[in-house]
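Structure at a glance
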Amino acid sequence: MRFPTWVEIDLDVFEQNLARIQQAVDPARVLLVVKADAYGHGAARLALAAEPRVAMFGVATLHEGIELRAAGVTRPILILSPTLPVEAEEILDYGLLSSVDTLEFAQRLSEAAARRGSPAGFHIEVDTGMGRTGVSEAGAPEFVARVAALPGLRLDGLYTHFPESDAPDLGGSREQLRRFLQLVERLRAAGVAVPRVHAANSGAAVRLPEARLDLVRTGILAYGLMPRTELEPFPGIRPVMSMKSRMVQVREFPAGATVSYGRTFTCKRPSRIGVVPAGYGHGLSWLLSNHGTLLVRGRRVPIVGTVTMDLTMVDLTDVPGAQVYDEVVIFGSQGGETLGAAELAAGSRTLVYEVLCTLGKRVVRVYRRGAEEDQVTTLVGERSVVTPPGGEGVRVEYSRVPRGGGVRFR
Ligand SMILES: Cc1ncc(COP(=O)(O)O)c(C=O)c1O
C-alpha cells in the first residue's frame, strides 16, 4: 500500500512478447518503437531490457533519441518523424539515424557529417498511401539520387508505412507493399545501394507476412496489445502494463446528493461513493465521466460524476464490504475479472495507444520481474529504500532529490 496510483510493468512479460514476435517474424528483425516514452511504459527502462533482442529502436524526436543514449543504449536509433535542419548537428552528436524528407535537411546533415569526417546514416520514408510524412512515390527516384549524391551521407534504409494494416480488408496494404517493392527494385537496378527495407507496423507484422522484409517496426504488439480491439489477440502476447489505485475515501451520501463538478450525477438512493486518487492529470480521460467502469473487489463499479484532475468517484453501493484503501484496478485484472486497456479506451472514446501515451508523469511506475520488484520510478526519480546498518531509521530516497539535506524548507 505504498502508492495511491501506480502502473505495474512486467519486464518478463515484455521480454516474452519480444521473443514471441521475433519467432513469428524470423528472419526479419525487430525495430522496437519506443516513442512517446515507450507508449507510457518508460522508454529508457524498456529499451535497455529489449536491447539484446532487437536490431534497432524507433523514436519520434531528437530528445527521445538522446534519452536512450544517455541511458546507455548502443543499438541504432531511428528518428521516425521529420527533424529540423537545426537539429542535424545534435543528431550526429548522439549517433542517431534520421528520416530524411527534405533536401534542406539532407544538405545540413551532409555539411555536418562532412565537417566530422564520418558518414551520417539515414533512412528515407516513401509515402505509398499513408498520407502523412515521407517523399512521394513519384518523386522518390529523383530525391534518392540527389540525396545519395551529397557528400558525407550514407543511405541505410528505405521504408513505407501502412495506414490500414489493422483493417479487416488488407487489400490496400498489399497494393502499397507491391508498389513499394517495385520502387526498391527500380532503385537497386539503377545502382542505388539500399541496404535495408521496412514497412510493417504491428498490424502488418502479424497479419501480412510478406510485409516483414528486413525489419518490422513494432510498438503496440510488444507492449502486449493489438492495434485494434476487434482483432483476435496474437497467440502468446500478453499486456505488459496494468494500472492500479487505492480508494482514499468512502463516503455515505443520501438520495438526492450530487457528485463532483457540474453536479452531473445525482444519487437515486442512499449511496456509498468511493474516491479514487486518479483523474485526467494521471491519464484517466474526462470522457469517462458517468461512463466508464473500474474494478473493486473483483467487480465492475461505475464511475459517477465528472472525472476531475486528481480524483474520480465510483459507486460502491452494490459492492459489499468495499472500504477505504481497497485496491482499485483502472486496467488490468483483479479477483478473476479483467478490464483491459482497450475497454478503458473504448469508454474514453479513443485508441488504446492514447490511453497509454497520456499516462501522467506523476503515476508511479513499478517494474516487476514476475513476483519480484525490479525498480520503482516516480516524478522525483528512482525510489529506493535505504536501511542503515542495524536496521534503525529506514529512509526513502529519490534519485532526483539531493541527499543529505539538499532540499530546504520551513
Ligand atoms: C512510422 C511508424 N512505424 C511504426 C509504428 C508502430 O506502430 P504500432 O504501435 O502499431 O506497431 C509507428 C507508430 O505509430 C509509426 O509511426
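Residues numbered from 1 in each chain as written. Predicted model: local features only at pLDDT ≥ 70, side-chain atom pairs only at ≥ 80, totals over all residues. Heavy atoms only, no water.

**Overview of the overall build of the chain**
Note the threshold: The way it works is that DSSP assigns letters per residue, a run of H or I at least four long becomes a helix, a run of E at least two long becomes a strand, and they are numbered from the N terminus. In this description, contact between two residues means that some pair of their heavy atoms is separated by no more than 4.5 Å. Charged residues are defined narrowly, with Lys and Arg counted positive, Asp and Glu counted negative, and His plus the chain ends left uncounted. Where a charge sits is defined by one atom per residue type, namely NZ (Lys), CZ (Arg), CG (Asp) or CD (Glu).
A tally of helices and strands in the chain yields 11 helices and 24 strands. Once the C-alpha set of the chain is aligned to its principal axes, its extents read approximately 80 × 55 × 40 Å. Considering only residue pairs separated by 6 or more positions, the chain has 61% of its internal contacts joining residues 24 or more positions apart. Of the charged side chains in the chain, 47 are positive and 45 negative; the average position of the first set lies 4 Å away from that of the second.

**Structural notes on the pattern of salt bridges**
Spelled out, the test is: Definition used for salt bridges: Asp or Glu carboxyl oxygen within 4 Å of a side-chain nitrogen of Lys or Arg. Only protein chains enter the accessibility calculation, which uses a 1.4 Å probe; a residue is then buried when its area is under 20% of its type maximum, exposed when over 50%, and partly exposed in between.
On inspection of all chains with the given rule, the structure shows 25 salt bridges. Linking arginine 2 and glutamate 373 is a salt bridge whose minimum nitrogen-to-oxygen distance equals 2.7 Å. Here the residue arginine 2 occupies a position in the segment before strand E1 (5-10), and glutamate 373 occupies one in strand E22 (residues 372-378), the gap between them amounting to 371 residues. Taking the relative accessible area as the measure of exposure, arginine 2 reaches 44% and is therefore partly exposed. You can call glutamate 373 partly exposed: its relative accessible area is 36%. For the salt bridge of glutamate 397 with arginine 395, the shortest nitrogen-to-oxygen distance reads 2.6 Å. You can call glutamate 397 buried: its relative accessible area is 12%.

**Digging into the pairing of strand E17 (residues 299-304)**
Filter applied, for reference: Two strands make a pair as long as DSSP finds a minimum of two bridges between them.
Sheet analysis places strand E16 (residues 293-296) next to E17, joined by 4 bridges and oriented antiparallel. Note that in E17 the partner of leucine 294 across the bridge is valine 301. Between E16 and E17, which pair antiparallel one after the other, the connecting turn spans 2 residues, and arginine 297 there sits at a positive phi close to 50°. Pairing geometry for E17 and strand E18 (residues 312-315), over 2 bridges, is antiparallel. When the bridges of E18 are listed, isoleucine 303 appears paired with valine 314.

**Digging into the domain arrangement of the chain**
Our working rule: Segmentation of the chain into domains, including their bounds, is taken from an automatic or database domain assignment. The buried area of a pairing is the accessible area, by a 1.4 Å probe, that goes missing from both parts when the two are put together, added over both. In protein, a polar contact means a hydrogen-donor-capable atom and an acceptor-capable atom, both N or O and within 3.5 Å, with residues adjacent in sequence counting only if both atoms are side-chain atoms; elsewhere, any N or O pair within 3.5 Å suffices. Polar here means any residue other than Ala, Val, Leu, Ile, Met, Phe, Trp, Tyr, Cys and Pro, which are nonpolar, and Asp, Glu, Lys and Arg, which are charged; Gly is therefore polar.
In terms of domains, the chain is made up of domain 1 (11-218) and domain 2 (241-369). Between domain 1 and domain 2, the residue contacts involve 12 residues of the former and 9 residues of the latter. For the domain 1 and domain 2 pair, buried surface summed over both sides reaches about 950 Å², with 56% attributable to carbon and sulfur atoms. The interface formed by domain 1 and domain 2 holds 2 salt bridges in total. The shortest N-O distance in the salt bridge between glutamate 15 and arginine 369 comes to 2.8 Å. Summed over the shared surface of domain 1 and domain 2, the result is 5 residue pairs in polar contact (both at pLDDT 80 or more). Taken together, the residues that form the side of domain 1 that touches domain 2 break down as 5 nonpolar, 3 polar and 4 charged.

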